[in-house]
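Listed below are the residues making up each chain.
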Amino acid sequence: MIIAVSGKGGTGKTLVSSILVKLLSKTGKDLLVIDADPDSNMPETLGVNVEKTVGDVREDLKKDIGDGNIPVGANKWDILDYKIMESIIETPDFDLLMMGRPEGSGCYCAVNNMLRKIIENVSSNYDFIVIDTEAGLEHLSRRTTQSVDTMLVVSDSSRRGLQTASRVGKLAKDLEISFKNLYLILNRVNSDNKNELIEQAKDTGIELAGIIHDDETIAKFDLEGKPLIELADDSKPVLDVKKILNKIIEND
């Protein structure tokens, strides 16, 4: 199952991705995490150090080609594919692949093209793949998430967050990208805004998978630089995402 998490920047996209990883890593299944956001935060939230990204690998290969270090006639994609697999960080609970961004004048479009191919190549090796997408709608227009089974769109209590969520659904339809499941998640919900947010969510045209209650523990973890994967199993955000994950798996 390939699960992608999208939404406007700052809505809690990485929070949802991190807690999904926390929960799925306890299943004993093979799990790959792909951080496809150029503003990469997943390593910090998962407590993992990353030395090389896919963008770095691509730039290194370009340099080797320019310096004549690649034999004439060599299959450059095979070399790139091998080096990308080498850049996967393996932990006891999950593997992590950072897409990153090419150095200098490199175009991020090329990294997105590689993301599509990577998903095709490695999807059969894992039971679950969780993708933290880049913020906004670019991953849809570039069709980097077209092979995703479940798309989770995260919105906070802002109107802009809900508008972005609505656009994700509309753009996917316009581009004829057919997800098996497309869900909305409302983040930072409290007793004051809960009913109004749930009502406004109906206007997005996306089925509501669940809500994540506002919790000061998240802000405390961010301030102290603690990995979100270390959130207590019985904390509100973890229990909220657990309900959402159960719904996703039941409806798959």
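Attention here is on the structure that accompanies the text. Please read all numbers here as calculations on a predicted model, not as lab measurements.

1. Describing the packing of aromatic side chains
Tallied over the entire structure, the rule returns zero aromatic pairs. When the ring centre of F221 is taken as reference, the NZ or CZ atom of K226 above it lies at 4.4 Å.

2. With respect to the side chain of N181
Positionally, N181 belongs in strand β7 (residues 181-189). You can call N181 buried: its relative accessible area is 11%. Excluding its chain neighbours within four sequence positions, the residues that come into contact with N181 are D149, T150, M151, N251 and D252.

3. Some remarks on the packing of helix α3 (residues 54-66) against helix α4 (residues 76-86)
The axes of two packed helices give the description: the angle between them and the distance between them. Closest axis-to-axis distance for the α3/α4 pair is 10 Å, and the angle between their directions is 140°. Looking at the two axes, α3 sits oblique to α4. As for how α3 packs across α4, the hand of that crossing is right-handed. Residues V54, V57, R58, L61 and I65 of α3 lie in contact with α4, whose contacting residues are K76, I79, L80, K83 and I84.

4. Digging into the pairing of strand β6 (residues 150-155)
A large share of β6 lies buried, amounting to six of its six residues. Taken together, the five bridges between strand β1 (residues 2-7) and β6 define a ladder with parallel strand orientation. Across the sheet, I3 pairs through a bridge with T150, a residue of β6. In this sheet, β7 lies alongside β6 in parallel orientation, the contact comprising six bridges. By the bridge assignment for β7, S155 is matched with L186. With helix α7 (residues 159-174) bridging β6 and the parallel β7, this β-α-β connection has right-handed handedness.

5. Observations regarding unusual backbone geometry
Although it is not a glycine, R188 adopts a positive phi angle of roughly 60°. Within the secondary structure, R188 is located in strand β7.

6. Regarding the pattern of salt bridges
Any two side chains of opposite charge can pair if their charged atoms end up close together. By the definition in use, this model includes nine salt bridges. The partner of K26 in a salt bridge is D233, with the nearest N and O atoms 3.9 Å apart. Pair noted here: K26 is in the loop between α1 (13-24) and β2 (31-35) and D233 is in the loop between α9 (216-224) and α10 (236-251), with a separation of 207 residues, a long-range link. Assessed through its relative accessible area of 54%, K26 is described here as exposed.

Criteria and cut-off values
In this numbering scheme, every chain counts its residues from 1 along its sequence in written order. Predicted model: local features are reported for residues with pLDDT of at least 70 only, side-chain atom pairs are reported and counted for 80 or more only, and whole-chain, interface and lining totals are derived from all residues. Hydrogens and water molecules were not included; the side-chain quantities draw on all heavy atoms of the structure. Ring pairs shown here join Phe, Tyr and Trp side chains whose ring centres sit within 6.5 Å, with only the six-membered ring taken for Trp; geometry is labelled stacked below 30 degrees between planes, edge-to-face above 60, and tilted in between. As a reminder, the over-ring test applies to NZ of lysine and CZ of arginine, requiring each to be within 6 Å of the ring centre and within 35 degrees of the ring normal. Only DSSP runs of H or I reaching four residues or more are called helices, and only runs of E reaching two or more are called strands; each is numbered from the N terminus. In this scheme, a residue with accessible area under 20% of its type's maximum is buried, one over 50% is exposed, and one in between is partly exposed, where area comes from a 1.4 Å probe on protein chains only. Any two residues whose heavy atoms approach within 4.5 Å at even a single point are treated as in contact. Fitted lines through C-alpha atoms serve as axes, helices being fitted only where they are in contact, and the angles separating the N-to-C directions of these axes extend from 0 to 180 degrees. Between 65 and 115 degrees an angle is taken as roughly perpendicular, under 35 as roughly parallel, over 145 as roughly antiparallel, and anywhere else as oblique. Crossing handedness is defined as follows: a turn of the near helix away from the far one that is anticlockwise and smaller than a right angle gives a left-handed crossing, while the clockwise case is right-handed. A pair of strands is considered paired only if DSSP assigns at least 2 bridges between the two. Handedness of a crossover: with both strands directed away from the viewer, a clockwise path from the first strand across the helix to the second marks it as right-handed. When a carboxyl oxygen of Asp or Glu lies within 4 Å of a side-chain nitrogen of Lys or Arg, that pair is called a salt bridge.

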